[in-house]
Amino acid sequence: MDEVDLKYDFFEKAHAGKILRCIQCGTCSASCPLTDQMDHAPRELFALIRDGDIITALRSNTLWYCVSCYYCIVRCPQEIPVTDLIYSLKQMAVQRGLSPAYHKLPDMYHSFTQVVARYGRIHEPLLMARYALRHPMDALGSIPLAMRMLKKGRLDFFPSRLSQPDRVSRLLAEVKRQEKE
Amino acid sequence: MKYGFYSGCSYGSAAGYSESVDAVSRALGIELVEISDWNCCGATAFFSVNEFKALALAARNFALAQAHGLKEIVTICNACYTTFRKANQILTDNPKKLSRINAVLAQEGLSIEGSIAVRHYLDVLYNDLPADVWARKRPNNLKDYTVAGYYGCQLTRPWGDIDVPEHPMILERFIERLGFNFVEHSATTLCCGAFHAVSYAKECRPLISRIIREVHLKGADMVAAVCPLCQFNLDAGQQMFGLHPVPVPFFTQLAGIALGMKPADLGLKKLLVPLRGV
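These figures come from a predicted structure and were not determined experimentally.

Describing the overall build of chain A
Part 1 of the reasoning: Scanning chain A for helices and strands turns up 12 helices and 0 strands.
Part 2 of the reasoning: N-terminal to C-terminal, the α/β element order of chain A is α-α-α-α-α-α-α-α-α-α-α-α.
Part 3 of the reasoning: Expressed along its principal axes, the backbone C-alpha trace of chain A runs to roughly 50 × 40 × 30 Å.
Part 4 of the reasoning: Put simply, chain A has 181 residues, and 50% of those count as buried.
Part 5 of the reasoning: Across chain A, contacts joining residues at least 24 apart in sequence account for 61% of those joining residues at least 6 apart.
Part 6 of the reasoning: Both charge centroids of chain A, one from 25 positive and one from 20 negative side chains, sit 9 Å from each other.

This is how it looks when you write it as structure tokens:
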């Protein structure tokens, strides 16, 4: 893997030069709701990248534990858009197949994007059915709750659809086509 | 008053959100025009994997709204709200990205022009209506109920313009305006675990119990939610984790109660932790 390419993508395309302003105060890590699950909390993640080790950062589970609560952004004294930069790292990790195989969120997002590509909208039972192919225990665990929702009249068996359901799949296919140009 | 309305994917299964939004809008003469043929906003999932696709999904909704002459999009979900604002900001700041997106939308004969205003329904009810509309048919026992507000994350953060990011009061002011008693607490803008609560329930348990315990300790009879996912995590999480039960109605259900509507018209039976007495 060419690290120079990765650094170019991050610093130039994603405008990540702002991390050079980081004073390593740790406010981001201390504000993060799932920091205790992360292998390299946000402060450390940026220290790694500044130290030249962008590959470790891209393989880090931190990217996938980020819940987008945006606390780090509003609290950073150096006005570094932490959450947005984590999004850029996630996109890079997915593109290059670096996201950690053991983490469930890349699978969840994959299932999510597939349901949207097919139906244009999210339908919770279909999303859970797809996700269950990879993580059956999570899906089984959600059945009692699904039954209660069903009883309350809150679950539809069929997804709500667009007038022409292939509109979104064609839109996304067009994105893919133009991306290659 | 007429607004473009983006209901989003979770609206239908949310506990009485659509019933109460409809009932309240009708009673107050707010016309919510659904963006026809809308698609998923893209949420956190698409921005996590591919920015171009994320922008295209959001932009298609903007283009549909503009094609119908709608200048504002009102959402009822924090995630749709922030996803749309983020996409709108990226497209407004980057003419190159905007033209790439328009090239993609062109295959459906759509395009976007300029920026689109994205708003949350709470902002509409609080800022666009006179304060006295809530007093007309108000039951006189509302002061007996203490409501804790819960904003979650993506309404005030990262924007900080509807209200300050960390200690907002718009929801409390709204609750007060409806005629309920409100209580301040330290968990109003903490994270509920969002989408991670499905895959990492055990890890998200402390987040949900922190919020429920706090509102319980502060003596709240209920928590007012402004987002379908927050509402779901707080409502369903209580039984899942054996917490002290506190009902979590939507702010629009409380608004309906203040307008003298019946619980059945507001979908209150759909809450998992029942709201009794009101």
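After that view of the structure, there is still more to cover.
Concerning the environment of B:Phe251
All names here are of chain B.
Part 1 of the reasoning: Here Phe251 is to be found in helix 11 (residues 251–258).
Part 2 of the reasoning: Under the relative-accessibility criterion, Phe251 is labelled buried at 1%.
Part 3 of the reasoning: Separated by 201 residues in sequence, Phe251 and Asn50 place their C-alpha atoms 34 Å apart.
Part 4 of the reasoning: Residues contacting Phe251, with those up to four places away along its chain left out, are Tyr17, His120, Tyr121, Leu122, Leu125, Leu171, Phe174, Leu178, Ala225 and Val226.

Observations regarding the pairing of strand 5 (residues 146–150) of chain B
All names here are of chain B.
Part 1 of the reasoning: Of all 5 residues in strand 5, 5 are buried, a share of seventy percent or more.
Part 2 of the reasoning: A two-sided burial pattern is seen for strand 5, the buried positions comprising Thr146, Ala148 and Tyr150 on one face and Val147 and Gly149 on the other.
Part 3 of the reasoning: Note that strand 5 and strand 6 (residues 181–183) share 3 bridges and pair parallel. Opposite Thr146, over in strand 6, you have Asn181 as the bridge partner.
Part 4 of the reasoning: Here 4 bridges tie strand 5 to strand 7 (residues 222–225), and the two strands are oriented parallel to one another. Note on strand 7: the bridge partner recorded for Gly149 is Ala224.

So, the interface of chain A and chain B
How big an interface is tends to be expressed through the accessible area that disappears when the partners come together.
Part 1 of the reasoning: In this assembly, 54 residues from chain A lie in contact with 58 residues from chain B.
Part 2 of the reasoning: Between chain A and chain B lies a buried interface of about 5400 Å² when both sides are counted; carbon and sulfur atoms form 62% of it.
Part 3 of the reasoning: Where B:Glu166 meets A:Arg75, a salt bridge forms, and the shortest distance between an N and an O atom there is 2.6 Å.
Part 4 of the reasoning: Inspection of the chain A/chain B interface yields 26 residue pairs in polar contact (both at pLDDT 80 or more).
Part 5 of the reasoning: Breaking the side of chain A that touches chain B down by element, the ones donating at least two residues are helix 5 (62–65), helix 6 (71–75), helix 7 (82–95), helix 8 (104–119), helix 9 (124–132), helix 11 (143–151) and helix 12 (166–180) of chain A.
Part 6 of the reasoning: Taken together, the residues of the side of chain A that touches chain B sort by class into 30 nonpolar, 10 polar and 14 charged.

With respect to a nonpolar patch on the surface
Residue and element names in this part refer to chain A.
Part 1 of the reasoning: Taken together, the side chains of Met137, Leu140, Ile143, Met147, Leu150, Phe157 and Phe158 make up a nonpolar region of the molecular surface, amounting to roughly 820 Å² of accessible area.
Part 2 of the reasoning: Of all the secondary-structure elements, those providing two or more residues to the nonpolar patch are helix 10 (136–141) and helix 11.
Part 3 of the reasoning: Looking at which element gives the most residues to the nonpolar patch, the answer is helix 11, with 3 residues.
Part 4 of the reasoning: Looking at where Met137 falls in the secondary structure, it is placed in helix 10.

Observations regarding the nonpolar core
Part 1 of the reasoning: Counting residues in hydrophobic clusters, the biggest one holds 166 residues, and the most contacted among them are A:Phe10, A:Phe112, B:Tyr121, B:Leu125 and B:Trp134.
Part 2 of the reasoning: Element by element, the count of residues in this core is highest for helix 3 (residues 51–67) of chain B, at 11 residues.
Part 3 of the reasoning: Not counting chain neighbours up to four residues away, the residues in contact with B:Trp134 comprise B:Val24, B:Leu28, B:Leu125, B:Leu129, B:Phe174, B:Arg177, B:Leu178, B:Ala255, B:Ala258 and B:Leu259.

A short note on the sheet that holds strand 7 of chain B
Residues and elements named next belong to chain B.
Part 1 of the reasoning: Pairing is parallel in the open sheet, where 3 strands are placed in the order 6-5-7. Of all strands in the sheet, those bounded by a partner on one side alone are strand 6 and strand 7. Pairwise comparison of adjacent strand axes, ignoring direction, gives a mean angle of 45° for this sheet.

Some thoughts on the packing of helix 3 (residues 42–50) of chain A against helix 7 of chain A
All names here are of chain A.
Part 1 of the reasoning: Taken N-terminus to C-terminus, the directions of helix 3 and helix 7 make an angle of 60°; their axes are 12 Å apart at the nearest point. By the angle between their axes, helix 3 is oblique relative to helix 7. Every pair of crossing elements has a handedness; the one defined by helix 3 and helix 7 is left-handed. Here helix 3 contributes Pro42, Leu45, Phe46 and Ile49 to the contact with helix 7, which in turn contributes Val82, Leu85, Ile86 and Leu89.
Part 2 of the reasoning: When its residues are assigned to classes, the contact of helix 3 with helix 7 shows 8 nonpolar, no polar and no charged.

Some remarks on the domain arrangement of chain B
All names here are of chain B.
Part 1 of the reasoning: Taken as a whole, chain B is organised into domain 1 (2–122) and domain 2 (141–260).
Part 2 of the reasoning: A separation of 24 Å is found between the C-alpha centroids of domain 1 and domain 2.
Part 3 of the reasoning: At the interface, 23 residues of domain 1 touch 23 residues of domain 2.
Part 4 of the reasoning: Buried area between domain 1 and domain 2, summed over both chains or domains, comes out near 2000 Å², and the portion from carbon and sulfur atoms is 70%.
Part 5 of the reasoning: If you sort the residues of domain 1 by the area they bury against domain 2, Tyr17, Asn78 and Leu122 come out on top, with a joint share of 34%.
Part 6 of the reasoning: Between Asp161 and Arg85 there is a salt bridge whose closest N-O contact spans 2.5 Å.
Part 7 of the reasoning: For the side of domain 1 that touches domain 2, the elements supplying multiple residues, two or more each, are helix 1 (17–28), helix 4 (78–93) and helix 6 (121–127).
Part 8 of the reasoning: Sorting elements by how many residues they give to the side of domain 1 that touches domain 2 places helix 4 first, with 7 residues.
Part 9 of the reasoning: When grouped by side-chain class, the residues that make up the side of domain 1 that touches domain 2 number 13 nonpolar, 8 polar and 2 charged.

So, how was this worked out
As a convention, each chain's residues are numbered from 1 in the sequence order in which they are written. Whichever chain is written first is A, and whichever ligand is written first is 1; the rest continue in order. Reporting in this predicted model follows two pLDDT cut-offs: at least 70 for local features of residues, and 80 or more for side-chain atom pairs to be given and counted; totals over whole chains, interfaces and linings ignore these cut-offs and use all residues. Derived side-chain values reflect all non-hydrogen atoms in the structure, with water molecules and hydrogen atoms excluded from consideration. Strands here mean DSSP runs of E at least two residues long; helices mean DSSP runs of H or I at least four residues long; both are numbered from the N terminus. Exposure is judged per residue with a 1.4 Å probe applied to protein chains only, and the accessible area is read against the type maximum: over 50% gives exposed, under 20% gives buried, and values in between give partly exposed. Residues are treated as being in contact if the distance between any of their heavy atoms lies within 4.5 Å. In this tally Asp and Glu are treated as negative and Lys and Arg as positive; neither His nor the chain ends contributes. Taken as the charge centre is NZ of Lys, CZ of Arg, CG of Asp or CD of Glu, depending on the residue. Two strands make a pair as long as DSSP finds a minimum of two bridges between them. Note: buried area is the sum, over both parts, of the accessible area (probe 1.4 Å) each one loses when the two are combined. Definition used for salt bridges: Asp or Glu carboxyl oxygen within 4 Å of a side-chain nitrogen of Lys or Arg. The definition of a polar contact used here is a pair of N or O atoms within 3.5 Å, where within protein one atom must be able to donate a hydrogen and the other to accept one, and adjacent residues in sequence count solely through side-chain atom pairs. Side-chain classes are defined by residue name, with Ala, Val, Leu, Ile, Met, Phe, Trp, Tyr, Cys and Pro counting as nonpolar, Asp, Glu, Lys and Arg as charged, and the others, Gly among them, as polar. Residues enter patches when their relative accessible area tops 30% and they take part in no salt bridge; the joining distance is 9 Å for like charges and 5 Å for the nonpolar side chains Val, Leu, Ile, Met, Phe, Trp and Tyr. Shrake-Rupley sampling with a 1.4 Å probe provides the accessible areas, and residues are treated as covered by the protein chains on show and by no other component. Definition used in this section: a nonpolar core is a set of buried Ala, Val, Leu, Ile, Met, Phe, Trp, Tyr and Cys residues joined via side-chain atoms within 4.5 Å. For helices, the fitted line uses only the C-alpha atoms of the stretch in contact; every axis is such a line through C-alpha atoms, and the angle between N-to-C directions lies from 0 to 180 degrees. Should an angle lie under 35 degrees it is considered roughly parallel, over 145 roughly antiparallel, and from 65 to 115 roughly perpendicular; all remaining angles are considered oblique. Working rule for handedness: look at the near helix, and if it is turned counterclockwise from the far one by less than a right angle, call the crossing left-handed; if clockwise, right-handed. Domain segmentation is taken from an automatic or database assignment of domains.

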